[in-house]
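Structure assessment
So you can see what is in the structure, the chains are spelled out below.
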Amino acid sequence: GTGLYLGAVSLGYAATGQAKLKQDAVRAFRALAFLGKVTEGGTHPAPKGFVARAVMPTSGPDPNPQFDLAYDQRRRERDALWKIIQPRWPVDATGEWYWKNDSSSDELNGHFFGFAIYYDRVCETEAEKEEAREAVRRIMDHILEHGYNFVDFDGQPTRWGRFSPEDLNTNEAWVIERGLNSYSILTYLSVAYHMTGDRRYRDEYLKLALEHGYGMNGMTQFVQGGFHALGQ
C-alpha cells in the first residue's frame with residue numbers, strides 16, 4: 001500500500017509541482033526504506049535487505065499472541081506450503097518496534113513500483129538519488145545473494161518470496177505463480193539497473209529472461225494450462 005501511495009504522490013508532484021506532494025513522497029519513501037532496515041539486529045535478525053511487512057511500536061500491545069504457533073498450524077492445515085515461523089513479530093535492535101516477517105512478493109512489488117517513480121519524478125539532488133539507490137541495492141542484492149530468494153530471519157525463503165528458476169520452472173507447487181513471479185523479478189532487476197547503472201543487474205535480467213525463459217513464462221502460463229518444466 002505505501003509503495004503504491006509513494007508512486008501516486010510522486011506522479012502528483014511531477015504533474016503539479018506542489019511542495020506538499022514532494023513532502024508526502026519523501027515521507028513515504030523514508031517509511032519504506034525504514035522497513036528495509038528495521039529487520040536487522042534485534043531478537044531475530046534477518047539478512048541485510050530483508051523488508052518487513054509492517055511495524056508497530058513496542059509501547060503498544062504485543063501482536064504475537066494472535067499469531068502464535070497454533071495460528072501457524074491452523075494455516076498449515078489449509079495450505080500445505082504455509083511457512084511456520086515464530087515469532088511473527090520480532091523486536092528490532094532499538095527495542096522500539098515490532099516488525100512483521102514472512103514478507104512476500106506483494107511487498108516487493110510495491111517497493112520497486114514506488115522507488116522507481118520516486119527516483120524519476122521526485123529526486124532532484126544527487127543526495128536524494130543516492131538515498132533511493134541505496135534502498136534498492138539493499139533489497140536487490142539480498143535477493144541475488146540468496147539464490148533469487150527472499151530470505152527471512154530463519155535463513156529460509158518466505159512463503160511467497162521465491163523467484164529462482166528451480167522453483168518457478170521446475171517446482172510444480174509454483175505453476176500458478178510462475179508468470180507473476182517471473183515478471184516481478186525481471187521488473188526488480190530493471191528498476192535496479194535503471195537507478196544504479198550497475199551492469200550486474202542487467203546481466204542477471206538477461207540470464208533469467210533468455211536462458212531461463214522468464215520472458216515467456218507469463219505469456220505462456222495460461223496457454224499451457226498445467227505444470228511444465230522448461231527444457232523437459
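Residues numbered from 1 in each chain as written. Predicted model: local features only at pLDDT ≥ 70, side-chain atom pairs only at ≥ 80, totals over all residues. Heavy atoms only, no water.

In this model, the largest pocket occupies a volume close to 250 Å³. As for the largest pocket, its lining consists of 14 residues, of which Gly1, Thr2, Gly3, Leu32 and Arg53 are closest to the centre. For the lining of the largest pocket, the secondary-structure elements that each account for two or more residues are helix H1 (2-16), helix H2 (19-35) and helix H4 (105-121). By residue class, the composition of the lining of the largest pocket is six nonpolar, five polar and three charged. (1 Å grid on protein atoms, 1.4 Å probe; cavity = no way out; pocket = protein on both sides within 12 Å on 5 of 7 lines; lining within 4 Å. Points joined across faces, edges and corners; volume = space filled by probe spheres on them. Helix = DSSP H or I, 4+ residues; strand = E, 2+ residues; numbered from the N terminus. Nonpolar A, V, L, I, M, F, W, Y, C, P; charged D, E, K, R; others polar.)

Inspection of the entire model under this criterion finds 19 salt bridges. For Asp72, the salt bridge identified is with Arg88, shortest N-O distance 2.8 Å. Of the two residues, Asp72 sits in helix H3 (residues 69-78) while Arg88 sits in the loop between H3 and strand S2 (97-99), which places them 16 residues apart along the sequence. For the pair shown, Asp72 and Arg88 are each scored as buried. (Salt bridge = Lys/Arg side-chain N within 4 Å of Asp/Glu carboxyl O. Buried < 20%, exposed > 50% of the residue type's maximum accessible area, 1.4 Å probe, protein only.)

Below, the discussion takes up the pairing of strand S4 (residues 157-162). When strand S3 (residues 149-151) meets S4, the two strands line up antiparallel, connected through two bridges. Bridging across to S4, Asn149 finds its partner in Arg162. With antiparallel pairing between neighbouring strands as the criterion, S3 and S4 make up a hairpin whose turn holds five residues, including Gly155 at a positive phi of roughly 80 degrees. (Pairing = 2+ DSSP bridges.)

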